[in-house]
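The residues making up each chain are set out below.
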Amino acid sequence: MIVRALHFSFGAQGDAALATLYYPGDDQRLSEARLTGQVPAVGTDVPWPVVVIMPGINVAPDGYRWLARRLVADRLCVVTYAVIGSLGPAGQGITPGIDLAALSPETIGTRPSSTALGPLLAALAELSDDGDTAVAGLVDLSRVVVGGHSAGGTVALHNSDPDWVPGLRAVFAYAAHTMTATALGHDEATVAPVPAKVPALLLGGAEDGVIAASRDRYRTDNSAHDPVRRTFQEAINRQQGDSWLIELAQAGHFAVCDPVDTTSGRSFLEPDPTNTDPAVRELLGNLIAAFIAASLGWSAAAASLGRLVKHPSVRHWDRR
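For the structure shown, the criterion picks out 16 salt bridges. Arginine 219 is the salt-bridge partner of aspartate 221, the closest N and O atoms lying 2.8 Å from each other. A relative accessible area of 30% places aspartate 221 in the partly exposed class. As a salt-bridge pair, arginine 229 and glutamate 247 come within 3.8 Å of each other at their nearest N and O atoms. Pair noted here: arginine 229 is in helix α5 (residues 227-235) and glutamate 247 is in strand β9 (residues 244-248), with a separation of 18 residues, a long-range link. Residue glutamate 247 is classed as buried on the basis of its relative accessible area, which comes to 12%. The structure contains a network of salt bridges with shared partners spanning Asp226, Arg229, Glu247 and Arg315.

Below is the structure:
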């Protein structure tokens with residue numbers, strides 16, 4: 001098996017978006033792709049569940065390719081994407097696709113805040129229905145896991161409702177939380193509840209300089225600022241033993257990215273965002289993979305996750 005990719009575009013409520021679908025390719029059939037480059041898919045363990053990775057603000061999707069490759073090894077297909085949309089006063093850039101009006105105090109939690117998920121899943125359905133593609137009939141949209149990094153993780157959490165995302169089985173987020181910005185009209189240090197109708201995994205880094213530097217978006221007091229832990233404790237009212245909070249030692253905001261693009265985004269807020277220990281990133285990938293497997297009901301996955309949280313690089317964990 002080798003990891004291969006298909007590239008496609010879609011519209012996110014008026015904004016342009018580019019996406020890449022990674023899938024298990026058959027390395028015994030490379031001769032069939034000699035002229036097209038489109039390698040046929042592996043014919044076993046199909047159709048594949050879908051994992052969507054939502055990007056952080058101005059974080060190029062290439063930074064998540066390593067994670068896509070890791071998850072495809074488990075016979076999943078993975079889609080990364082970038083919406084080019086408004087960043088407010090900062091102009092335009094890469095976003096996960098956010099409807100800010102849906103996050104106001106009056107509307108938050110009443111309707112989807114993602115402008116990309118619906119159109120992206122519809123585009124995947126068309127891709128799978130197209131008999132000329134390598135993934136024809138192989139994408140299982142009844143089993144969808146949505147994850148994200150930073151703002152993308154926040155959007156994943158806010159949209160953790162299968163009524164809004166058909167087929168949704170689980171959500172995961174790295175360096176993300178649901179503490180709401182005062183600029184949207186919320187009171188200081190407010191943590192917004194999320195639907196949490198599916199298992200949720202919140203991951204964070206103990207050395208996250210971006211979350212620390214963003215404090216004044218949410219509060220002006222001198223109290224402790226740990227929005228990731230507060231999100232798990234206050235926003236996820238799910239008590240079924242399938243949701244996790246895991247904090248990694250020696251991990252910053254961009255530990256989930258490889259490579260880290262230091263020309264874009266706010267990586268300058270950390271001393272050396274490119275210096276994540278490869279072993280920590282490997283652990284991060286294994287944790288996400290084990291959580292997805294457990295959420296899909298794959299045997300022994302929950303026990304594997306329970307073992308992984310005992311790793312020396314896990315500084316803190318909780319489960320509910």
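The side chains of a regular strand alternate between both faces of the sheet. Inspection of the sheet shows strand β1 (residues 2-12) paired to strand β2 (residues 15-25) by eleven bridges, in the antiparallel sense. From the neighbouring strand, phenylalanine 10 faces β2, where its bridge partner is alanine 17. With antiparallel pairing between neighbouring strands as the criterion, β1 and β2 make up a hairpin whose turn holds two residues, including glutamine 13 at a positive phi of roughly 50°.

Here threonine 20 lies in strand β2. When sequence neighbours within four positions are dropped, the list of residues in contact with threonine 20 reads Ala5, Leu6, His7, Phe8, Val78, Val79 and Thr80. At 2.9 Å, the side chain of threonine 20 and the side chain of histidine 7 are in polar contact.

Below, the discussion takes up the packing of helix α1 (residues 65-72) against helix α6 (residues 278-295). Where α1 contacts α6, the two axes come as close as 10 Å, and the packing angle between them is 50°. As summarised for this structure, α1 and α6 are arranged oblique, according to the angle between their axes. Regarding α1 and α6, the two cross each other, and that crossing is right-handed. Taking contact as the criterion, the partners of Trp66, Leu67, Arg70 and Leu71 in α1 are, on α6, Arg281, Gly285, Asn286, Ile288, Ala289 and Ile292.

What follows is about a negative patch on the surface. A grouping of Glu126, Asp129, Asp130 and Asp132 is seen on the molecular surface, where their side chains present a negatively charged patch. By the secondary structure assignment, aspartate 132 is in the loop between α2 (117-129) and β6 (139-149). Looking at aspartate 132, the relative accessible area reads 68%, which means it is exposed.

Thresholds, definitions, all that
- Residues numbered from 1 in each chain as written.
- Predicted model: local features only at pLDDT ≥ 70, side-chain atom pairs only at ≥ 80, totals over all residues.
- Heavy atoms only, no water.
- Salt bridge = Lys/Arg side-chain N within 4 Å of Asp/Glu carboxyl O.
- Buried < 20%, exposed > 50% of the residue type's maximum accessible area, 1.4 Å probe, protein only.
- Helix = DSSP H or I, 4+ residues; strand = E, 2+ residues; numbered from the N terminus.
- Pairing = 2+ DSSP bridges.
- Contact = heavy atoms within 4.5 Å.
- Polar contact = N/O pair within 3.5 Å; in protein donor to acceptor, adjacent residues only side chain to side chain.
- Axes fitted to C-alpha atoms, helices over the stretch in contact; angles between N-to-C directions.
- Parallel < 35°, antiparallel > 145°, perpendicular 65-115°, else oblique.
- Left-handed = near helix turned anticlockwise from the far one by under 90°.
- Patch = residues over 30% accessible without salt bridge, like charges linked within 9 Å, V, L, I, M, F, W, Y side chains within 5 Å.
- Areas by Shrake-Rupley, 256 points an atom, 1.4 Å probe, with all protein chains shown as cover.
- Lys, Arg positive; Asp, Glu negative; His and termini not counted.
- Charge placed at Lys NZ, Arg CZ, Asp CG, Glu CD.

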